[in-house]
Structures are given as C-alpha cells and as structure tokens.
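Residues per chain, in single letters:
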Amino acid sequence: MPTETATYLLNAHWQAAASYRLPTAQSDWLLETDSLTARLKSRCQHFRVQLLHEQLYPLPAQLHQCLPASGPAMLREVVLWCDEVAVIYAQSWLPQPTLQTVAPLAQLGEQPLGEFIFRHPALVRQPLQLAQLDSRQLGLGDICPPAPLWARRSVFQLAEQPLLVAEVFLPGVYPL
Ligand SMILES: C=C(O[C@@H]1C=C(C(=O)O)C=C[C@H]1O)C(=O)O
C-alpha cells in the first residue's frame, strides 16, 4: 500500500493546467517546463534531495490511464531542500519496464531525477496537470505549515518509456 501522502496525491482532482487562471507568483513556478532542479539550484546556495521512500508497488488504478503499463512500478518520494528550506515534495511513479529500459532510474538515490531525465536525448513531456491540495491531508506537517498548496504532475517519456512525476510546491519555494 503506498504511503498516505502518495495516496492523497493519487486521489487529488487533477485538471489540465490551461483550465486554471493562476496568480503570477504561482504560475511562474507551476508552469516551469525546464528542470525544476536546475531552477532551484540557480536560486540557492545549497540544494539537496532528501529521499523519503523508494519501493515497488502494483501500479495504482488511478494511474492506469496516464501510465499505460501493467505490473509493478517504483514509487519514489523525495523532498527538495534549498538552503535548508523544504521547497518541493515530489512523488514519481516509474513502471518496471521503464526501470529495466533506462537502468539509471533505478539507482538514483539522492541524485535529482531531473538531472538525469533532462539530459536524456529522447525526452518528451506531456502536458501539465494541476491540483489544489490541503496541506493538513498531505502528512508532511513537520516540513509544511498548514496552507493551501498547489501541485502539478506530468508524464515524461524517455525513449518512449513513461514515468509520472508529481510535485507539490511548498510555501518556501515562492520567495526564491
Ligand atoms: C523532474 C525533475 O526532477 C525533480 C527531482 C525529483 C527527484 O529527485 O525525485 C523529482 C521531481 C523533480 O522535482 C526536475 O528537476 O524538473
């Protein structure tokens, strides 16, 4: 069973980014199409990835439409920190065929996923979806004060192998 945080994101009301009219402060970050890792690194002195969880699960039914893969998938959950401020909670789902075809994805550890995938020559990103979340249901109380949060997700394809990346933008990211 995926973590409480993962389940909450899976069940969020995801909608195409175009259906939202966002304040500039949020849209400037949520609609960033280049690597978030690269952008964060350019905005702080010390960037790090905290690996929370990496485990194989049966692909959740909520993802069968956006990840046309059957069988197990690796759930990867991380927090991205800038100068010791938690700025992003990210949750990625990597189907087993993707891990087998793009082997480095299975050994990332605390290396940023974005540093690898944005270097891949055959990277395709599908359109962004957004969702509004309640931080009290996210289960990250120790790093995120009670606040309404925005999240985004998109499917990447590396050499036609899909993976889903979801990112929750914590309050600490917007001043960067
Ligand atoms: C997709 C990217 O990778 C970032 C790093 C992640 C990780 O290490 O698991 C997950 C999502 C992103 O916030 C990116 O940099 O845009």
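Within an unreviewed UniProt entry, the label attached to the protein reads Probable chorismate pyruvate-lyase, and the organism entered is Alkalimonas delamerensis. One UniProt comment on the protein, placed under Subcellular location (unreviewed entry), says "Cytoplasm". UniProt's Pathway (unreviewed entry) comment on the protein is quoted here verbatim: "Cofactor biosynthesis; ubiquinone biosynthesis."

## Some points on the site of the ligand
In the neighbourhood of the ligand, 15 residues make up the surrounding shell, with S35, L36, T37, R76 and L113 lying closest. Here an oxygen atom of the ligand sits 2.7 Å away from a polar atom, N or O, in the side chain of R76. Between the ligand and G114, the relevant distance is 2.9 Å, taken from an oxygen atom to a main-chain nitrogen or oxygen of the residue. In the complex, 100% of the free accessible area of the ligand, which totals 380 Å², lies under the protein chains. Because more than half of its atoms lie within 2 Å of the grid, the ligand is assigned to the largest cavity. Of all the secondary-structure elements, those providing two or more residues to the shell around the ligand are α3 (36–42), β3 (72–82), α5 (113–117) and β8 (161–169). Looking at side-chain class alone, the shell around the ligand contains nine nonpolar, four polar and two charged residues.

## Overview of the pattern of salt bridges
Side-chain pairing between opposite charges can occur once the charged atoms of the two side chains come close. Taken as a whole and assessed by the stated rule, the structure comprises seven salt bridges. For E115, the salt bridge goes to K41, with nearest N and O atoms at 2.2 Å. Here the residue E115 occupies a position in helix α5, and K41 occupies one in helix α3, the gap between them amounting to 74 residues. A residue is classified by how much of its surface remains accessible, and E115, at 23% relative accessible area, is partly exposed. The closest approach of N and O atoms between E54 and R76, which form a salt bridge, is 2.8 Å. Placement of E54 in strand β2 (residues 47–58) and of R76 in strand β3 is noted, with a sequence separation of 22 residues between them. Because the salt bridges share partners, they merge into one network encompassing D28, E32 and R39.

Procedures and definitions
In this numbering scheme, every chain counts its residues from 1 along its sequence in written order. Whole-chain, interface and lining totals are the exception, using all residues; otherwise, since this is a predicted model, local features are given only for residues with pLDDT of at least 70 and side-chain atom pairs are given and counted only at 80 or more. Where side-chain values are given, they derive from all heavy atoms of the structure, hydrogens and water being excluded. UniProt positions are given in the numbering used here, feature names are shortened, and annotations may be inferred rather than shown by experiment. When we say a residue is near a molecule or strand, we mean one of its heavy atoms is within 4 Å of it. For this analysis, a polar contact is any N or O atom pair within 3.5 Å, provided that within protein one partner can donate a hydrogen and the other can accept it, and provided that sequence-adjacent residues contribute only side-chain to side-chain pairs. Per-residue and other accessible areas were derived by the Shrake-Rupley procedure at a 1.4 Å probe size, with only the shown protein chains allowed to occlude residues. Using a 1 Å grid laid over the protein atoms alone, points where a 1.4 Å probe fits but cannot get out form a cavity; open sets with protein on both sides within 12 Å along at least 5 of 7 lines form a pocket; any residue with an atom within 4 Å of a point counts as lining. A molecule is said to be in a cavity or pocket once over half of its atoms fall within 2 Å of that pocket's grid points. Helix and strand labels come from DSSP, where a helix needs a run of H or I of at least four residues and a strand needs a run of E of at least two; each type is numbered from the N terminus. Note on residue categories: nonpolar means Ala, Val, Leu, Ile, Met, Phe, Trp, Tyr, Cys or Pro, charged means Asp, Glu, Lys or Arg, and polar means any other residue, Gly included. We define a salt bridge as a contact between a side-chain nitrogen of Lys or Arg and a carboxyl oxygen of Asp or Glu at a distance within 4 Å. Burial classes follow relative accessibility: with a 1.4 Å probe on protein chains only, a residue under 20% of its type's maximum area counts as buried, one over 50% as exposed, and anything between as partly exposed.

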